[in-house]
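# Per-entry structural report
Listed here are the chains, written in short residue letters.
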There are 2 protein chains.
Amino acid sequence: MVGIDEVAKLAGVSTATVSRALSGRGHVSPASKAKVEDAAARLGYVVSSNASGLASGRTRNVGVVIPFLNRWYFSSVLEGAQQALLRNGYDLTLYNLAGDGRERSSVFEHFLLRQRVDAVVAVSLELTEHEVQRLHDLGKPLVGVGGPIPGVRTLTIDDVAVARLATEHLLALGHRRIAHIGGDLEFDLDFHLPTNRRLGYEAALRDAGVDPEPRMFAPADFTIAGGYQAAKQLLGVPHARPTAIFAASDEMAMGSILAARDLGMVMPRDVSIIGIDDHDLAEFFGLSTVAQFPRGQGEHAVEILMEQLEPGTDAAQPAATPLPFELRVRSSTAVPPA
Amino acid sequence: MVGIDEVAKLAGVSTATVSRALSGRGHVSPASKAKVEDAAARLGYVVSSNASGLASGRTRNVGVVIPFLNRWYFSSVLEGAQQALLRNGYDLTLYNLAGDGRERSSVFEHFLLRQRVDAVVAVSLELTEHEVQRLHDLGKPLVGVGGPIPGVRTLTIDDVAVARLATEHLLALGHRRIAHIGGDLEFDLDFHLPTNRRLGYEAALRDAGVDPEPRMFAPADFTIAGGYQAAKQLLGVPHARPTAIFAASDEMAMGSILAARDLGMVMPRDVSIIGIDDHDLAEFFGLSTVAQFPRGQGEHAVEILMEQLEPGTDAAQPAATPLPFELRVRSSTAVPPA
DNA sequence: CTGAAAGCGCTAACAC
DNA sequence: GTGTTAGCGCTTTCAG
């Protein structure tokens with residue numbers, strides 16, 4: 001392994017200058033900088049992140065803690081974060097807190113705290129105050145995406161507003177019997193999004209003079225299969241069945257589309273369906289939806305971190321920006337049947 | 001940040017003993033070991049990975065290089081690897097080589113080689129000999145999953161055999177006009193799987209005395225939408241249309257199911273469809289498939305690495321094990337229409 | 001089985 | 001703008 005002193009020797013400067021030239025901290029004359037870069041390239045030199053990290057206290061690495069890898073929303077956030085990190089010269093170490101609490105606390109105690117990361121992005125995870133405190137004590141910036149973390153900068157779309165928008169779209173088309181497929185309780189634990197979306201839905205109904213009915217609600221697990229089951233329940237009732245379904249995620253909405261089809265219903269003639277996300281497949285299914293932009297959320301989270309880790313960089317000032325969302329009308333929603 | 005010397009003081013031993021007790025290397029009396037562990041726990045001590053890595057040359061971290069995050073196969077492999085790594089006390093740093101070659105070489109030159117990882121798992125990636133050599137020179141073990149890397153231990157199912165199995169299932173049911181949806185050329189670049197699957201398909205046909213016809217083949221991009229398009233092509237022809245479709249992935253098979261439905265065909269009465277993967281949604285779609293076990297592949301890759309990184313551990317001896325696959329017959333395949 | 005001490009490779013004051 | 005040098009916090013010979 002070629003070290004910094006070999007580069008220094010070849011470039012004819014001191015190791016300190018090599019370090020400065022390569023890291024960009026401190027001033028170096030353009031001439032030496034060029035010599036150093038040339039020497040480094042020639043020798044195939046790369047800094048040892050351990051040595052550098054030990055000496056400087058920075059690792060150029062951030063931890064991303066995420067509960068799922070195989071769901072569109074989560075992998076999109078991850079992708080966005082990874083890309084933004086790469087762009088900034090950072091590595092990303094991944095902590096997939098799939099399982100139980102044991103695995104989870106082990107991650108916190110032994111992994112994140114090993115000084116391996118400079119900062120952490122927590123996706124849809126409700127950290128305890130103790131966990132937040134611990135990171136804070138270590139001086140590690142923390143930003144949340146999509147989950148409510150008390151006392152921490154968190155990026156979330158306004159779930160109430162999003163749900164309201166979707167519901168109002170249906171209302172505006174003339175629907176009155178609008179069902180909702182939301183999350184089950186289990187999902188509400190870590191991110192209250194199911195509850196918020198339901199609140200937005202109910203608020204929109206009430207504002208339109210419609211009373212939310214319990215039998216117009218069905219819980220599911222945010223998967224296509226779950227949405228399919230739920231929609232069958234909802235659409236299977238003989239009388240007064242809903243003319244529209246608002247699902248709290250596109251995957252559940254797609255399940256609903258398949259369910260409607262299997263029940264012999266034609267969409268949007270017999271039933272309108274709308275979701276939330278703008279999933280990759282939404283276009284394919286002709287699904288109307290309220291788009292959120294998870295890749296962008298991931299990138300955004302990283303930018304906030306960068307601002308704290310490397311002040312003075314030209315990072316955008318993301319403080320005020322509310323997260324965008326946008327109604328996308330496709331062919332799954334229309335006026336209700338006469 | 002509490003350091004090793006504080007632990008040593010509290011435990012009444014030297015730092016050397018603390019290090020040995022906590023890392024498990026070298027002998028320590030049970031008594032001191034207990035004292036050390038107790039002291040460490042009391043103080044909330046966690047080793048600094050940088051210092052430890054610098055001194056020892058090991059980082060307890062492995063890099064995973066992967067081209068997609070949002071595809072079932074890939075996220076499953078990643079999940080398996082992550083879990084196995086966590087179990088072994090390792091971190092996983094993620095390199096998502098989504099883009100072009102530039103991004104890719106930058107990853108290799110600057111990230112992987114920063115001594116940040118002890119080993120790397122390359123998923124469906126064809127590394128150049130130079131890249132392999134470079135890792136080899138650094139003494140970093142490398143194992144591939146699902147991609148052909150010359151001179152490197154690689155885990156792949158036998159794609160030819162898998163495709164043959166799927167095709168033979170259709171043949172055994174009595175089908176003769178069996179179409180195939182495979183990968184397009186772009187996909188063949190990094191992992192020759194599309195070609196291999198096509199070869200297995202054609203071989204099975206020939207063995208059954210059926211001549212593979214070019215118009216019974218349609219390329220796609222491994223997505224549901226792509227499979228949908230391809231199936232429409234295949235099933236749309238007026239005469240002599242296929243009675244069965246073998247898609248090279250479950251996602252494309254699901255697209256085919258939807259296409260058949262939209263063409264007014266009933267499955268499996270009018271057309272049989274089979275895929276490869278055993279995707280999470282296969283059950284939901286009633287899709288017959290040849291299961292592969294990507295999570296297991298990810299775990300397996302890690303085990304191989306562990307064996308090299310920590311010889312003497314009780315890791316399984318995975319040398320000979322061929323990767324398993326398994327026909328799963330559901331409701332999407334049946335005898336052809338009379 | 002345990003302790004003392006010499007680094008691991010780099011960065012950051014501090015001088016010049 | 002650049003060099004000198006003292007650590008960063010741990011692991012690991014080498015003695016004992």
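Within each chain, residues carry numbers counting from 1 in the order of the written sequence. Starting at A for chains and at 1 for ligands, labels are handed out in the order in which the entities are written. The model is predicted, so local features are restricted to residues of pLDDT at least 70 and side-chain atom pairs to those at 80 or more, both for listing and for counting; the totals for chains, interfaces and linings are taken over all residues. Note that water and hydrogens are dropped before the side-chain values are worked out from all heavy atoms of the structure.

The name an unreviewed UniProt entry assigns to chain A is LacI family transcriptional regulator, from the organism Agromyces marinus.

Right, let's get into unusual backbone geometry. At the junction of Met-267 of chain A and Pro-268 of chain A, the peptide bond is cis and its omega measures out at 5° in the coordinates. Under the scheme used here, helices are H or I runs from DSSP no shorter than 4 residues and strands are E runs no shorter than 2 residues, and both carry numbers assigned from the N terminus. Mapped onto the elements, Pro-268 of chain A comes out in the loop between α12 (250-262) and β9 (272-277). Positive phi values are uncommon outside glycine, yet Phe-222 of chain B reaches one of about 75°. If you trace the backbone, Phe-222 of chain B turns up in the loop between β7 (217-220) and α11 (224-236). The exposure class assigned to Phe-222 of chain B is buried, which follows from its relative accessible area of 10%. Phi is positive for Ala-240 of chain B, close to 50°, though the residue is something other than glycine. Looking at the secondary structure, you find Ala-240 of chain B in the loop between α11 and β8 (244-247). The rule is simple: take the accessible area with a 1.4 Å probe, protein chains only, and divide by the maximum for that residue type; under 20% is buried, over 50% is exposed, in between is partly exposed. Exposure remark for Ala-240 of chain B: the relative accessible area of 36% places this residue in the partly exposed category.

Here the focus is the pairing of strand β4 (residues 142-145) of chain A. All names here are of chain A. Burial along β4 is two-sided: the face carrying Leu-142 and Gly-144 and the face carrying Val-143 and Val-145 are both buried. Only strands joined by at least two bridges in the DSSP assignment are considered to pair. Judged from the four bridges that link them, strand β3 (residues 119-123) and β4 form a sheet pairing that is parallel. Bridging across to β4, Val-121 finds its partner in Val-143. Seen with the strands pointing away from the viewer, any crossover whose path from the first strand over the helix to the second strand runs clockwise is right-handed. Handedness of the β3-helix α7 (residues 129-137)-β4 crossover: right-handed. Note: β4 against strand β5 (residues 154-155), two bridges, orientation parallel. Among the inter-strand pairings, Val-145 is bridged to a residue of β5, identified as Leu-155.

Next up on the list: the packing of helix α8 (residues 159-173) of chain A against helix α10 (residues 193-207) of chain A. Residues and elements named next belong to chain A. Note on method: axes are straight lines fitted to C-alpha atoms, helices fitted across the in-contact stretch only, with angles between N-to-C directions ranging 0 to 180 degrees. Close contact between α8 and α10 brings their axes to 7 Å; oriented N to C, the two are set at 40°. Of the possible angle classes, the one that applies to α8 and α10 is oblique. By crossing handedness, the relation of α8 to α10 is classed as right-handed. Each of Asp-159, Val-160, Ala-163, Arg-164, Thr-167, Glu-168 and Leu-171 in α8 lies in contact with α10, whose residues at this interface are Leu-193, Asn-196, Arg-197, Gly-200, Tyr-201, Ala-203, Ala-204, Leu-205 and Asp-207. Under this grouping Gly is polar, as are all residues other than the nonpolar Ala, Val, Leu, Ile, Met, Phe, Trp, Tyr, Cys and Pro and the charged Asp, Glu, Lys and Arg. The residue makeup of the contact of α8 with α10, split by class, is eight nonpolar, three polar and five charged. For classification, angles of less than 35 degrees are called roughly parallel, those exceeding 145 degrees roughly antiparallel, those between 65 and 115 degrees roughly perpendicular, and all remaining angles oblique. Two helices crossing with the near one rotated counterclockwise from the far one by less than a right angle form a left-handed crossing, whereas a clockwise rotation gives a right-handed crossing. The contact definition used throughout considers only heavy atoms, calling two residues in contact when any of these lie within 4.5 Å.

Turning our eyes to something else, we now look at the environment of Gly-182 of chain B. All names here are of chain B. Here Gly-182 shows up in strand β6 (residues 178-183). Judged by relative accessible area, which is 0%, Gly-182 ranks as buried. Between the alpha carbons of Gly-182 and Arg-197 there is a distance of 7.5 Å; along the sequence they are 15 residues apart. Gly-182 has contacts with Phe-217, Ala-218, Pro-219, Ala-220, Ala-248 and Met-252, leaving out every residue within four places of it along the chain.

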